[in-house]
Amino acid sequence: MKTLEDLFLESLADMYYAENQLVKALPKMAKAATHGPLRGAFETHLAETEGHVQKVEAVFKALGKNPKSKKCPAILGIIDEADEIASENKKSPTINAALIFAAQKAEHYEIASYGGLRDWAKLLGHDDVANTLDEILDEEKAADGKLTEDR
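Below, the structure is looked at part by part. All values reported here derive from a predicted model rather than from experimental measurement. (Residues numbered from 1 in each chain as written. Predicted model: local features only at pLDDT ≥ 70, side-chain atom pairs only at ≥ 80, totals over all residues. Heavy atoms only, no water.)

Some words on the overall build of the protein chain
Thinking step 1. Along the backbone of the protein chain there are five helices and zero strands.
Thinking step 2. The secondary structure elements of the protein chain, listed N-terminal to C-terminal, are α-α-α-α-α.
Thinking step 3. By the compact-globule yardstick of 15 Å for 151 residues, the protein chain fits well, its C-alpha radius of gyration being 16 Å.
Thinking step 4. If you line up the protein chain on its principal axes, its C-alpha atoms span 50 × 25 × 20 Å.
Thinking step 5. Within the span of the protein chain, comprising 151 residues, buried residues form 44% of the whole.
Thinking step 6. Of the contacts formed within the protein chain by residues at least 6 apart in sequence, a portion of 78% connects residues at least 24 apart.
Thinking step 7. For the protein chain, the exposed surface amounts to about 7,900 Å²; the carbon and sulfur share of it is 53%.
Thinking step 8. Between the averaged position of the 19 positive side-chain charges in the protein chain and that of its 27 negative side-chain charges there is a distance of 5 Å. (Helix = DSSP H or I, 4+ residues; strand = E, 2+ residues; numbered from the N terminus. Rg over C-alpha atoms; globule rule 2.2 N^0.38 Å. Buried < 20%, exposed > 50% of the residue type's maximum accessible area, 1.4 Å probe, protein only. Contact = heavy atoms within 4.5 Å. Areas by Shrake-Rupley, 256 points an atom, 1.4 Å probe, with all protein chains shown as cover. Lys, Arg positive; Asp, Glu negative; His and termini not counted. Charge placed at Lys NZ, Arg CZ, Asp CG, Glu CD.)

Thoughts on the packing of helix α1 (residues 4–32) against helix α2 (residues 36–62)
Thinking step 1. One way to put it is that α1 packs onto α2 with a least axis distance of 9 Å and a crossing angle of 155 degrees. By the angle between their axes, α1 is roughly antiparallel relative to α2. As for how α1 packs across α2, the hand of that crossing is left-handed. (Axes fitted to C-alpha atoms, helices over the stretch in contact; angles between N-to-C directions. Parallel < 35°, antiparallel > 145°, perpendicular 65-115°, else oblique. Left-handed = near helix turned anticlockwise from the far one by under 90°.)

Overview of the packing of aromatic side chains
Thinking step 1. Going through the model one piece at a time under the given rule, you end up with one aromatic pair.
Thinking step 2. Residues Y16 and F60 carry aromatic rings whose centres are separated by 6.1 Å and whose planes lie at 75 degrees to one another, so their mutual orientation is edge-to-face. In this pair, Y16 sits in helix α1 while F60 sits in helix α2, placing the two residues 44 residues apart along the sequence. F60 shares its class with Y16; the two are buried. (Phe/Tyr/Trp six-rings, centres within 6.5 Å; stacked < 30°, edge-to-face > 60°.)

If you want it as structure tokens, here you go:
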């Protein structure tokens, strides 16, 4: 039988994979954006996402574990959809709206995931880990807010 700690570590590995995939996807989204502030928002969030990778690695280490990746079908689907929507709207005036739409799907997935992970960390008594996850969560919420402004 799996414990909450097992579920927490598996879900953390899922997000480690997701963040690494987003590090690869965000430069493509920035390149596809034709609106300067939106391009800048993607570039800024890329730097934050690289920081999230490091923070998740630090969480694993704080728990005495090596960073581990677990394939995340959800983020792969979101990224595939983002690629498709960008391709279908490449020469269209709708490209920026399409990119925002796709990016917010990723942000909402991350917000839900980090919120759950933070809460589980608290339940498991990993308060320092919960604080780190809360930092990531705050940055994801801010990125979502920035995308909403750029609509």
